[in-house]
Amino acid sequence: MSIFGKKPEQRTDQPLLPGTPPPSQGSEETKFPYMRLKESSLSRRTFLMRSLALVTGAIAASLAALGLGAITAPALRKDASQWSPIGRPGDPGPGEPDLATLNTPLLTSFTKLSHDAYMAARPEQIPVFVTNEGNDKFTVFDVRCTHLGCPISWDDKATQFNCPCHGAVFSASGEVLAGPPPRPLNKYETKLEDGVLYAGQLQVS
Amino acid sequence: MFAGSLEWVEERLGLRPVASRVLDHDVPQHITWWHCFGGLTFFTFIIQIATGIILAFFYIPSPDHAHDSVAFLQDEIPFGSIVRNLHRWGAYVMVVLVVLHMLRVFVQGAYRKPREMNWVVGVIALLMVFGFGFTGYLLPWDQKAYWATNVGINIAGSVPFVGEFMASFLRGGPELGALTLSRFFSLHVFILPLFLIVLLSMHFAMIRKQGIAEPL
């Protein structure tokens, strides 16, 4: 006998030694009365098969849950809401216009850090029109026309925004006055904190 | 609701005899727990395929992004660290199991006639498993991965006559860098799995045809 097991056992229905009476004949149940599995019609074989299927299924289901969870999670990520500084109303930096004393929309820009999964955050210049509404209230307009995205410009004489592409006209508050745009100008979320004006997410009107 | 579905398919395709031919077969009485290691190795291989496919959803084989993409999966993605560590520990376990399997076959002399060809196929498959370990180790592209691969390639380079070329081939040139990473990735994800699946099919077909070796 090797360390790895035994040789096939002697068949017990053969006499082991000459003269030994043969083992009692009979069905499995008469020989082993405690093995009454047949009564419930669940054989040992079926039981093992079902147990194996259950364990295999559980492993497969756990793997599938992990995998589906991992590959679905990125779909639920939100654009990291963050605030980008535009300026300090009443305390402008050298050479900058004071946002607190604006009386016409000012074309300026802020730097937004765009995040793309594991890529290093990339700074992006976002051009905007900033309007002083008084009482520390500011409106930050996206410069893209809501028709096809051309950059609008401020017409000081007519006090309106003009789009060069298809002749669209927006009021100083961003409403459509003429032309094909379907919606008023888009605005950025704003907040004033510790004297700094911040732009947040783009609000599509 | 679906109670009759199996019967419905069975009535049309008659797959039961096929399934029973593949899954249902007699095993000799002398089988021991030591005979499980081959099947367990195959089981870990399936785990490696499943988790590897998930990792491929996130991994980028480029020096600029490899490490960041692995770290992103590990730290930011739900279950990411579990999937990655299943793959990592699965690799260690697979090597241990395949070595135990080989030891059992060796000690029992199961490689003897008529099973010599299956032994040869098994040894090539073993080398493939080591190849998986070697190429996969580089992919996270951290210091340990880089220098371990450096050492491994230098060992290949110490082979007389052809070593220099082999090392250069593994690196994809004189320096260990972008091309090394992409060719290790390709070997790990496309070449080795394909070859190992073919070898294992042969391995299993032969054991089914020849049966499990009789004990010593």
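Residues numbered from 1 in each chain as written. Chains lettered and ligands numbered in written order. Predicted model: local features only at pLDDT ≥ 70, side-chain atom pairs only at ≥ 80, totals over all residues. Heavy atoms only, no water.

Asks: Can you help me understand the overall build of chain A in this one?
Replies: Check the secondary structure of chain A and you find two helices and ten strands. In chain A, the succession of helices and strands from N to C terminus is α-α-β-β-β-β-β-β-β-β-β-β. Scored against the burial criterion, the 205 residues of chain A give a buried share of 26%. For chain A, the share of sequence-separated contacts (at least 6 apart) that also reach a separation of at least 24 residues comes to 41%. Just so you have it, chain A exposes about 13,700 Å², and 57% of that area is on carbon and sulfur atoms. (Helix = DSSP H or I, 4+ residues; strand = E, 2+ residues; numbered from the N terminus. Buried < 20%, exposed > 50% of the residue type's maximum accessible area, 1.4 Å probe, protein only. Contact = heavy atoms within 4.5 Å. Areas by Shrake-Rupley, 256 points an atom, 1.4 Å probe, with all protein chains shown as cover.)

Asks: What exactly am I supposed to notice about the packing of helix H5 (residues 80–107) of chain B against helix H6 (residues 116–138) of chain B here?
Replies: Each packed pair of helices is defined by two parameters, the angle between the axes and the distance between the axes. Residues and elements named next belong to chain B. Put simply, H5 and H6 touch, their axes get as near as 11 Å, and they point 160° apart. Compared by their axis directions, H5 and H6 come out roughly antiparallel. Here H5 runs over H6; the crossing is left-handed. From H5, Tyr-92, Met-94, Val-95, Val-98, Met-102, Val-105 and Phe-106 reach across to H6, where they touch Trp-119, Val-123, Leu-126, Val-129, Phe-130 and Tyr-137. (Axes fitted to C-alpha atoms, helices over the stretch in contact; angles between N-to-C directions. Parallel < 35°, antiparallel > 145°, perpendicular 65-115°, else oblique. Left-handed = near helix turned anticlockwise from the far one by under 90°.)

Asks: Help me understand the interface of chain A and chain B, please; the structure alone is not making it clear to me.
Replies: One frequent convention defines the size of an interface as the accessible area lost when the parts assemble. Chain A puts 21 residues into the contact, and the matching count from chain B is 28 residues. For the pair chain A and chain B, the two sides together bury roughly 2,100 Å², of which 78% comes from carbon and sulfur. The salt bridge involving B:Asp24 is made with A:Arg45; its shortest N-O contact spans 2.9 Å. On inspection of chain A and its partner chain B, the count reaches one residue pair in polar contact (both at pLDDT 80 or more). By residue number, the principal contributor to the side of chain A that touches chain B is helix H2 (residues 44–72) of chain A, which donates nine residues. Within the side of chain A that touches chain B, the residues separate by chemical class into 13 nonpolar, three polar and five charged. (Buried area = accessible area lost by both parts, 1.4 Å probe. Salt bridge = Lys/Arg side-chain N within 4 Å of Asp/Glu carboxyl O. Polar contact = N/O pair within 3.5 Å; in protein donor to acceptor, adjacent residues only side chain to side chain. Nonpolar A, V, L, I, M, F, W, Y, C, P; charged D, E, K, R; others polar.)

Asks: Help me understand the state of the cysteines in this model?
Replies: What makes a disulfide is a covalent bond joining the sulfur atoms belonging to two cysteines. What the rule picks out here adds up to one disulfide over all chains. You can see A:Cys163 has no disulfide; the closest cysteine sulfur is in A:Cys145, sitting 3.8 Å from it. (Disulfide = S-S within 2.5 Å.)

Asks: Explain the confidence of the model for chain B to me, please; I cannot follow it from the model alone.
Replies: Detailed reading of the predicted coordinates is not advisable wherever pLDDT falls low. Of the residues in chain B, 100% reach a pLDDT of 70 or more, and the chain-wide mean stands at 94. The ipTM assigned to the predicted complex is 0.84, against a pTM of 0.76. (pLDDT = per-residue confidence, 0-100.)

Asks: What am I meant to see in the nonpolar core here?
Replies: All names here are of chain B. Phe-45, Met-94, Met-128, Val-129, Phe-132, Leu-196 and Leu-199 are the most contacted members of the largest nonpolar core, which has 14 residues in total. For this core, the secondary structure elements donating two or more residues are H5, H6 and helix H9 (178–210). It is H6 that provides the largest number of residues to this core, a total of six residues. Once you skip the residues sitting within four places of it in the chain, Val-129 turns out to touch Met-94, Val-95, Val-98 and Leu-196. (Core = buried A, V, L, I, M, F, W, Y, C linked by side-chain atoms within 4.5 Å.)

Asks: Is there a simple way to explain the environment of A:Asn103 in this structure?
Replies: Position of A:Asn103 relative to the elements: it lies in the loop between strand E1 (84–87) and strand E2 (106–116). When the C-alpha atoms of A:Asn103 and A:Arg183 are compared, they prove to be 25 Å apart, with 80 residues separating the residues in sequence.

Asks: What is the right way to look at the sheet that holds strand E6 (residues 160–162) of chain A in this model?
Replies: Note: strands within a sheet are paired through backbone hydrogen bonds, in either parallel or antiparallel orientation. Residue and element names in this part refer to chain A. With respect to topology, four strands assemble into an open sheet ordered E5-E6-E7-E8, the strand pairing being antiparallel. The sheet is open, and its two edges are formed by strand E5 (153–155) and strand E8 (176–178), each paired on a single side. In this structure, E5 lies alongside E6, joined through three bridges in antiparallel fashion. When the bridges of E6 are listed, Trp-154 appears paired with Phe-161. (Pairing = 2+ DSSP bridges.)

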